[in-house]
Amino acid sequence: KRRISIAIDGPAAAGKSTVAKQIAKRLSYVYIDTGAMYRALTYRALACGVDIHDEQALLLLLRDTSIELKPSPHGQIVLVNGEDVTDIIRNEAVTNAVSFVAKHPLVREEMVARQRALAEGGGVVMDGRDIGTHVLPNAEVKIFLKASVDERARRRHEENLARGFPSDLEKLKEEIARRDRLDSERETAPLRKAPDAVEIDTTSLSVEEVAERIMEIVNERI
Ligand code: C5P
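Residues numbered from 1 in each chain as written. Predicted model: local features only at pLDDT ≥ 70, side-chain atom pairs only at ≥ 80, totals over all residues. Heavy atoms only, no water.

An unreviewed UniProt entry annotates the protein as Cytidylate kinase originating from Geobacillus jurassicus. The Sequence similarities (unreviewed entry) comment attached to the protein in UniProt states, word for word, "Belongs to the cytidylate kinase family. Type 1 subfamily." In its Subcellular location (unreviewed entry) section, the UniProt record describing the protein reads: "Cytoplasm". (UniProt positions renumbered as here; feature names shortened; annotations may be inferred.)

1. Thoughts on the UniProt feature "domain: Cytidylate kinase" (unreviewed entry) in the protein
UniProt's entry tags residues 6-219 with the feature "domain: Cytidylate kinase" (unreviewed entry), counted in the numbering of this structure. Each end of residues 6-219 is marked by a C-alpha atom, and these two atoms are 12 Å apart; helix forms 52% of the span and strand 17%. (Helix = DSSP H or I, 4+ residues; strand = E, 2+ residues; numbered from the N terminus.)

2. So, the sheet that holds strand β3 (residues 67-72)
In space, the 3 strands of this open sheet follow the order β3-β4-β5, with antiparallel pairing throughout. A strand with exactly one partner marks an edge of an open sheet, and here the two such strands are β3 and β5 (83-84). Of the strand pairs in this sheet, β3 and strand β4 (residues 75-80) are connected by 6 bridges, and their pairing is antiparallel. Residue pairing across strands places Glu 68 opposite Leu 79, the latter belonging to β4. Docked against the sheet, helix α2 (residues 34-48) engages β3, β4 and β5, running at close to 125° with respect to β3. (Pairing = 2+ DSSP bridges. Contact = heavy atoms within 4.5 Å. Axes fitted to C-alpha atoms, helices over the stretch in contact; angles between N-to-C directions.)

3. Some thoughts on the site of the ligand
In the vicinity of the ligand there are 16 residues, among which Arg 39, Arg 108, Asp 130, Arg 179 and Asp 183 approach most closely. For the ligand, an oxygen atom lies 3.1 Å from a polar atom in the side chain of Ser 99. Interatomic distance of 2.9 Å between a side-chain N/O atom of Arg 179 and an oxygen atom of the ligand. Coverage of the ligand by the protein chains reaches 96% of its 450 Å² of free accessible surface. For the shell around the ligand, the secondary-structure elements that each account for two or more residues are α2, α4 (92-101) and α8 (169-185). Residues of the shell around the ligand, tallied by class, amount to 4 nonpolar, 4 polar and 8 charged. (Near = heavy atom within 4 Å. Polar contact = N/O pair within 3.5 Å; in protein donor to acceptor, adjacent residues only side chain to side chain. Areas by Shrake-Rupley, 256 points an atom, 1.4 Å probe, with all protein chains shown as cover. Nonpolar A, V, L, I, M, F, W, Y, C, P; charged D, E, K, R; others polar.)

4. A closer look at the UniProt feature "binding site: ATP" (unreviewed entry) in the protein
The feature "binding site: ATP" (unreviewed entry), as given by UniProt, occupies Gly 10, Pro 11, Ala 12, Ala 13, Ala 14, Gly 15, Lys 16, Ser 17 and Thr 18 in the numbering adopted here. Take Gly 15: it is sitting in the loop between β1 (5-9) and α1 (16-27). With respect to the helices, strands and loops of the structure, Lys 16 is situated in helix α1. Contact partners of Lys 16, with chain neighbours within four places excluded, come to Ile 8, Asp 9, Gly 10, Pro 11, Asp 127, Gly 128, Arg 129 and Leu 145. A distance of 3.2 Å separates the side chain of Lys 16 from the backbone oxygen of Gly 10, its partner in a polar contact.

5. Re α1
Between its first and last C-alpha atoms α1 spans 16 Å; for 12 residues at 1.5 Å apiece the expected length is 16 Å, and the two agree. Inspection of α1 places Lys 16, Val 19, Ala 20, Ile 23, Ala 24 and Leu 27 among the buried residues, and these make up the whole buried set. Around the axis of α1, the buried residues are gathered within 135° of arc, so they sit on the same side. Those residues of α1 hidden inside the fold are in contact with β1, β2 (30-33), β6 (124-128), β7 (141-146) and α9 (207-221). Taken from the residues just after α1, Ser 28 is the one with a positive phi, measuring 55°. (Expected span 1.5 Å × (residues − 1). Buried < 20%, exposed > 50% of the residue type's maximum accessible area, 1.4 Å probe, protein only. Arc of directions from axis to C-beta.)

6. Some thoughts on the nonpolar core
Counting residues in hydrophobic clusters, the biggest one holds 35 residues, and the most contacted among them are Ile 67, Val 107 and Met 111. At the level of secondary structure, the elements contributing two or more residues to this core comprise α2, α3 (55-63), β3, β4, α4, α5 (105-119), β6 and α6 (131-135). Among the elements that take part in this core, α2 stands out by supplying 7 residues, more than any other. Discounting chain neighbours no more than four positions away, the residues touching Met 111 are Met 37, Tyr 38, Leu 41, Leu 62 and Ile 67. Residues Ala 24, Leu 27, Ile 200 and Ile 214 belong to the second largest nonpolar core, which totals 23 residues. (Core = buried A, V, L, I, M, F, W, Y, C linked by side-chain atoms within 4.5 Å.)

Following this line, the structure appears as structure tokens:
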């Protein structure tokens, strides 16, 4: 069987990473969380006091930032210059700043180059906002996951509570809607469904049902 590339895009908290990890596990593929890469740079910018609106400064910082995505029994570990930032890149400060960092064309150019290098040779499941449209336009399988804002906020809320993190459902709804707006309205590689992507509305589906549907599509093309 050939080792293909699978692109999974969609808005914030649509369940992309949960499903992508499952698919990668079933196929013994590598899972690449591109959102974690933008979050990692954002974390560094905040830690170093670099202005998130200063494109040149961010580019210089990125060139000085190694980002490693390592598989772990629980999914994935993110290392920034060797430091484990897996949990801290999900915090509120990073989440609220990341869409500003990710809108700069030069930042995206460097990130996309790194992402393509990681996907070389196939056997990858990559999730993000622009994977099917820009990063891997030739991906054999392209999926666009969507769900209502209410449902996405509810899921993220339960995830937070299960992890013992503080969580406010109304604030989550606002944060998710705001991030969707910034990600879809930016000029460079905005959040879009690729014309050849299969759209799946996950609002009333379980993770297993979504994974099952994607596996059917994968098995047709593998
Ligand atoms: O997927 P996640 O929610 O962790 O992504 C965090 C942010 O990174 C997104 O809101 C978006 O601004 C940015 N991002 C992006 N392109 C990608 C993946 C993420 O612009 N391929």
